[in-house]
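Observations on the three-dimensional arrangement
One-letter residues, chain by chain:
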Amino acid sequence: MISNVRSTLTEYILLQLFKGTIFINGLFYFIGRIPFIGKIVPVRMVYADYPLKKVFTHIKFAISTAIKVIIGIIPFFVSSFLANVVFKESQLSSFDIWLVVFAFYLPIFGSLFSVPDKKDVLFITNFRINKSSHLKRMNLLVICMDVFIATIVLIFLSMMNHLPVVLATLFGSSLYLFSQLLWSLIDLPLTIQKHPWVKKVAILVGMLGLVSVLMLTKLASLMHFLFSNPLVIIGLIMFNFLASWLIVKSYLSYPRFTLVAEKKVSSSMYVFEADDKELKNKTTNFTEGVGLTKKMSIDEQANFADLSGNAYLNALFFSRFKKGLSRGMWIKVISISVLGLALMIVSLFFPLISDVSELESFMYRLVPSLFFILYLTSVGKSVVQSLFMNCDMSMLSFPFYRTKEAIISGFFARFKKILLYNSLVNGVLLFWLIVFNLVVVGLNSLYLIGLVLFVMISLTLLFSFHELFVYYILQPFTSDFQVINPIYKVVNGVFYLFAYMNLQLKTTGLYYALGLSIVSLLYVAIGLIVIKKVAPKTFKLKN
């Protein structure tokens, strides 16, 4: 027993020193990278001086321990604040609130949603430590430390609320210990079940409802009854300690703990891998591309025997992403159709617009909003990101893929596909706008229908072209998924800002609608000329 406690404490201290060493190494590295300071401070000398670095590590360990104690004392102040401000009228004391919120409810978070720290995983991996044994020991040790800090808090809370110090402290500590251990034991079978997070969240919400009802109704009278009957409290204290001892035995002997440990460490390793530079860049800079890539599927019926080279690669790409793109397209089409049909039904029974002049004013106000709506529904960005991730990043290293003919033919093949998917969605939106015009004022609005048609065609061309054009001209992505071209970020930011500003416009007229459409068409026309002249020189893989 004593040897187990000693080895657990030794392992905990080694773990904390390991974490401290990683922190100090990172700190020295960071200081060395700061301009001017890195040259003044002898970072390299300190970095290589192991005895000195060990001193810094021990200092960091002491500071971390002190911070842990301070964090553990915070519930004392929170409970006092809630008792004196929030629950001032309910006669709840700070001790009552601490007991229910911090001793009974909050341990659910720490127990049910615990994932090993990334440095814990490194410690287990580097020193080949048994995962099950380590997690058992560290969890029980942390619970004991938390109970020790809670005991200090309880002494002050008992004195503040004029309660019997010994009884109140033992009651609070035993309940806190029992709650921590109980939820840790409940967590074991939940972790290895299907959809554990759903069940854990359900428990969390259910317990929140129980705690809320308890605090708002009978808690004050219940606590008054307990402290009026010391024998009842003593019985509860004995129950808590006895139950805690039985839970510890069940926890340590849980037959499938190895599987639990593997799952928890794997979850933490996933988080750890998210710090990998390439994965982090991918999830940050290629959000839409990653989402579309997850929906990739292989169409076994597709036959591209008559195609070769660049044409084959593009056909293969869109064949594999057809299911994902089609699913997104149908979701948009159905959503637009449902909203359009609802608007038609409302217009029939509750006329929203009475004459052509009101409809004209409404359509002019709608044009800026259409710009933002089509910006959001366009598949351009997701297709471009997926193209780079799943095709261009690998193929741009081959000379045949970088020839002028291959680049230009590839651009137009991709432009046509993006235009097709955008046109199908925007065509449905156009259909409902035309139906709305006809339902409201009939054939008297033909010129408005013509205007909407012109605006929709020009904006569909713009949004199908823009992302692909910027991609081919700037090609800002590197092989590790970084965006190294600042102009690309500026262009994206300005384009989004313009789309958002359109959403804020309250009044526009015919000239704005015509101007926006003409500028869009000019942008596409000039861009096509630029693509033919410039893209063969700029569409390259960046390092």
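Counting restarts for each chain: residues are numbered from 1 in the order of the written sequence. Predicted model: local features are reported for residues with pLDDT of at least 70 only, side-chain atom pairs are reported and counted for 80 or more only, and whole-chain, interface and lining totals are derived from all residues. Think of the side-chain values as coming from all heavy atoms in the structure, minus any hydrogens and water.

Brief notes about the confidence of the model for the chain
- Per-residue confidence from the prediction method is given by pLDDT, with values spanning 0 to 100. In this model, the chain carries an average pLDDT of 80, and 88% of its residues clear a pLDDT of 70 or more.
- The way it works is that DSSP assigns letters per residue, a run of H or I at least four long becomes a helix, a run of E at least two long becomes a strand, and they are numbered from the N terminus. Per-element confidence in the chain is highest for helix H23 (residues 510-538), whose mean pLDDT is 90, and lowest for helix H14 (residues 277-285), whose mean pLDDT is 53.
- The criterion used for residue contact is that any of the two residues' heavy atoms lie within 4.5 Å. Ignoring residues within four places in sequence, the model shows residues 270-277, a span with pLDDT below 50, making nine contacts including any to other chains.

Observations concerning empty space enclosed by the protein
- Computed over the protein atoms alone on a 1 Å grid, cavities are sets of points where a 1.4 Å probe fits but cannot get out and pockets are open sets with protein on both sides within 12 Å along at least five of seven lines; a residue lines them when it has an atom within 4 Å of a point. Grid points are joined across faces, edges and corners, and a volume is the space filled by probe spheres set on the points. For the structure shown, the criterion picks out one cavity of 30 Å³ or more.
- Each pocket or cavity is described by its volume, and for the largest cavity that value is around 40 Å³.
- Looking at the largest cavity, the residues that line it are Met 363, Val 367, Leu 370, Leu 451, Val 452 and Val 455.
- Every element with two or more residues in the lining of the largest cavity is listed here: helix H18 (356-377) and helix H21 (446-474).
- Note on residue classes: Ala, Val, Leu, Ile, Met, Phe, Trp, Tyr, Cys and Pro are nonpolar, Asp, Glu, Lys and Arg are charged, and everything else, Gly too, is polar. A breakdown of the residues in the lining of the largest cavity according to their chemical character gives six nonpolar, no polar and no charged.

Considerations on the pattern of salt bridges
- By definition, a salt bridge exists where a carboxyl oxygen of Asp or Glu is found within 4 Å of a side-chain nitrogen of Lys or Arg. Applying the stated rule across the entire model yields five salt bridges.
- Its salt-bridge partner being Lys 68, residue Asp 146 comes within 3.6 Å of it at the nearest N-O pair. Of this pair, Asp 146 sits in helix H8 (residues 131-160) while Lys 68 sits in helix H4 (residues 50-86), and the two are 78 residues apart along the sequence.
- For the exposure calls, accessible area comes from a 1.4 Å probe over protein chains only, and a residue counts as buried if that area is under 20% of its type's maximum, exposed if over 50%, partly exposed in between. By relative accessible area, which is 28% here, Lys 68 ends up partly exposed.
- Among the salt bridges present, the one from Lys 200 reaches Asp 187, with a minimum N-O distance of 2.8 Å. On the criterion of sequence distance, the pair formed by Lys 200 in helix H10 (residues 196-216) and Asp 187 in helix H9 (residues 165-191) is long-range, its members being 13 residues apart.
- With relative accessibility at 3%, the residue Asp 187 sits in the buried group.

Digging into the side chain of Ser 520
- For Ser 520, the location among the structural elements is in helix H23.
- Contact partners of Ser 520, with chain neighbours within four places excluded, come to Ser 458, Leu 459 and Leu 462.

Focus: the layout of surface pockets
- If you add up the space inside the largest pocket, you get close to 1,300 Å³.
- Lining the largest pocket are 44 residues, with Lys 68, Met 138, Asn 139, Val 142 and Asp 146 sitting closest to its centre.
- Mapped onto the lining of the largest pocket, the elements with two or more residues apiece are helix H1 (2-33), H4, helix H5 (94-105), helix H6 (107-112), helix H7 (118-126), H8, H9 and helix H13 (257-273).
- Ranked by residues supplied to the lining of the largest pocket, first place goes to H8 with 10 residues.
- The residue inventory of the lining of the largest pocket, partitioned by class, reads 24 nonpolar, 11 polar and nine charged.

Examining the environment of Ile 97
- By the secondary structure assignment, Ile 97 is in helix H5.
- When the C-alpha positions of Ile 97 and Pro 75 are compared, they lie 9.6 Å apart, and in sequence the two are 22 residues distant.

Things to note about the packing of H21 against helix H22 (residues 486-504)
- Look at H21 against H22: their axes get within 10 Å of each other, and the N-to-C directions meet at 165 degrees. One element, H21, and the other, H22, form an angle in the roughly antiparallel class. In this structure, H21 meets H22 at a crossing whose hand is right-handed. The segment H21 lies against H22, with Leu 462, Phe 463, His 466, Glu 467, Val 470 and Leu 474 engaging Ile 487, Tyr 488, Val 491, Asn 492 and Phe 495.
- Grouping the amino acids of the contact of H21 with H22 by side-chain chemistry returns eight nonpolar, two polar and one charged. With axes taken as lines fitted to C-alpha atoms, and helix axes fitted only over the stretch in contact, angles between N-to-C directions fall between 0 and 180 degrees. The labels follow the angle: roughly parallel below 35 degrees, roughly antiparallel above 145, roughly perpendicular from 65 to 115, and oblique for the rest. Helix crossings get a hand from a simple test, with the near helix turned counterclockwise from the far one by less than a right angle marking a left-handed crossing and a clockwise turn marking a right-handed one.

Some words on the nonpolar core
- Only buried residues count toward a nonpolar core. Its members are Ala, Val, Leu, Ile, Met, Phe, Trp, Tyr and Cys residues joined through side-chain atoms within 4.5 Å. Leu 468 and Tyr 472 are the most contacted members of the largest nonpolar core, which totals 74 residues.
- Considering each element in turn, this core owes the most residues, 16 residues, to H21.
- With near-sequence residues (within four places) excluded, Tyr 472 lies in contact with Ile 407, Gly 410, Phe 411, Arg 414, Ile 531, Ala 535, Thr 538 and Phe 539.
- Val 121, Ala 150, Leu 157 and Leu 188 belong to the second largest nonpolar core, which has 57 residues in total.

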